[in-house]
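Read off the chains here:
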Amino acid sequence: MSKFRRTAGVLAAATALSLGLAIPALAHVTVNPGTAEQGGFTKVAFRVPNERDNASTTKIEVSFPVDHPLAFVSVKPVPGWEVKVAEGKLPKPVKTEYGDLTEAVTKVVWSGGEIKPGQFQEFEVSMGQLPTDTDRLMFPTAQTYSGGEVVKWADEPKTDGTEAEHPAPTLKLTPPSADGDHHGTASASPSAAPASPATPSVAPMAAGSGSSSDGTARLLGGAGLVVGAIGVVVGFMGLRRRNA
């Protein structure tokens, strides 16, 4: 029985340590949902967790691709945050079904708000038309903290399949479904050519909406630490009884 208790204590402690080490790896800036159909329109949320215990996130800067530009981009207001949508000329015109695209959204910046330690925020964007000649879109993001620290989430995926230290938020693009509906359920297809591709929407948004894999990771980590502590105590008591 004493040997069993010691073994259980060791296993519990190892599990808690593994969960604790896994938490930082999950707390990245991500795109949710992570997939969309090629050639369609979609609505995504850039999910930003705060990874610091002594500072708040005060600014988020998301860069949009210029090699595969998006003709239509609109943002959903977030209470307490100011948003700026920047447009710029493309290196070369891109042909679309609405004509040649020479300018597009290059950056969206949210500032003035606060994501406190232990919290996250989602910033929603509706965009399209998604390209058909690539299987992914990357959105390098800069996260600024109240202490002045800037974390750049801009690393490309590694060729060996392992995760980069600061991976860029990536939207995977899949072939369109057989029913031919390329517009999805998040955003309707525009009926005319893009006259103002970066006009923000005016729909309100509830701060911190949506489920959080980061919150789940923290919960699992805390539960693992409790189980580990109980296992250590049980193992220690069993060792004392054996010595006695």
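Placed above this text is the structure.
These notes cover the structure that comes with them. (Residues numbered from 1 in each chain as written. Predicted model: local features only at pLDDT ≥ 70, side-chain atom pairs only at ≥ 80, totals over all residues. Heavy atoms only, no water.)

1. Focus on the overall build of the protein
Here is step 1: When helices and strands are counted, the protein shows two helices and 12 strands.
Here is step 2: Beginning at the N terminus, the succession of helices and strands in the protein can be written as α-β-β-β-β-β-β-β-β-β-β-β-β-α.
Here is step 3: Within the protein, the fraction of its 244 residues that count as buried is 36%.
Here is step 4: Sequence-distant contacts in the protein: of pairs separated by 6 or more residues, those separated by 24 or more amount to 77%.
Here is step 5: Within the structure as shown, the protein displays about 13400 Å² of accessible surface, and the carbon and sulfur contribution to it stands at 57%. (Helix = DSSP H or I, 4+ residues; strand = E, 2+ residues; numbered from the N terminus. Buried < 20%, exposed > 50% of the residue type's maximum accessible area, 1.4 Å probe, protein only. Contact = heavy atoms within 4.5 Å. Areas by Shrake-Rupley, 256 points an atom, 1.4 Å probe, with all protein chains shown as cover.)

2. Focus on the sheet that holds strand β10 (residues 141-145)
Here is step 1: Here five strands make up an open sheet; going across it, the order is β6-β7-β4-β10-β11 and the pairing antiparallel. Strands with a single pairing partner mark the edges of an open sheet, and in this sheet they are β6 (82-96) and β11 (150-153). Ignoring strand direction, the axes of neighbouring strands in this sheet form an average angle of 15°.
Here is step 2: Where β10 and β11 come together, four bridges link them in antiparallel fashion. Counterpart to A142 in the pairing with β11 is K152. (Pairing = 2+ DSSP bridges. Axes fitted to C-alpha atoms, helices over the stretch in contact; angles between N-to-C directions.)

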